[in-house]
Amino acid sequence: MTDHPAVPSGKPTSYSRVTLSRIMTAVDVNLYGTVHGGVLMKFVDDVAGAAAARHSGGTAVTASIDEIVFSEPVRVGDLVHAHAQVNWTGSTSMEVGVRVVAERWDSAEDEPVRVATAYLVFVGVDVGGAPRPVRPVLPETPEDERRFREAEIRRAHRLARRRAIQAHRAA
């Protein structure tokens, strides 16, 4: 068993916020002429990983993608921004929420369009790859509090689903 230092003091939600931006190009396109969902999924994982690492103060790895919803297609030339923050923390895990918006290349004066949202679970790991304690997240605003509470609901559902599947397999 690996010894871990005490859990560091908590950090406010704003400490973990990260934004990544990129222009989508022809290499990102699927057979339908829009940006491939897998390209966006990698982009989501990249920004979520940056937020998790920032919050936890070290290496954090993707444990699961709890949910990803694509609401609008992304096109070549769109400037896409992925915004991430840690919504909830456990002893070694964190939920990171991601919102992806696109600035349309042909209507740059319009408001950005929400194109995807996602929730991912990350685990802080030490140099040997073992889970390590992560600092608590400290919600700052009513919106942060709402995200924290909803993350607890998603966690309860993940755990209940895992128990139900294990019980079914054991039967």
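Treat the numbers as computed from the prediction; the structure is a model and nothing was measured.

Engineer: With reference to specific residues and values, describe the pattern of salt bridges.
Structural biologist: For the structure on display, the rule yields ten salt bridges. Put simply, E95 and R154 hold a salt bridge, and the shortest N to O gap is 2.8 Å. Here E95 is found in strand β5 (residues 93–103), whereas its partner R154 is found in helix α3 (residues 142–170), with 59 residues between them in sequence. With respect to burial, E95 and R154 carry one shared label: buried. For E143, the salt bridge identified is with R147, shortest N-O distance 3.6 Å. With E143 and R147 both in helix α3 and four residues apart, this pair spans about one turn of that helix. Of the residues examined, R147 reaches a relative accessible area of 24% and is grouped as partly exposed.

Calculation notes
Residues numbered from 1 in each chain as written. Predicted model: local features only at pLDDT ≥ 70, side-chain atom pairs only at ≥ 80, totals over all residues. Heavy atoms only, no water. Salt bridge = Lys/Arg side-chain N within 4 Å of Asp/Glu carboxyl O. Helix = DSSP H or I, 4+ residues; strand = E, 2+ residues; numbered from the N terminus. Buried < 20%, exposed > 50% of the residue type's maximum accessible area, 1.4 Å probe, protein only.

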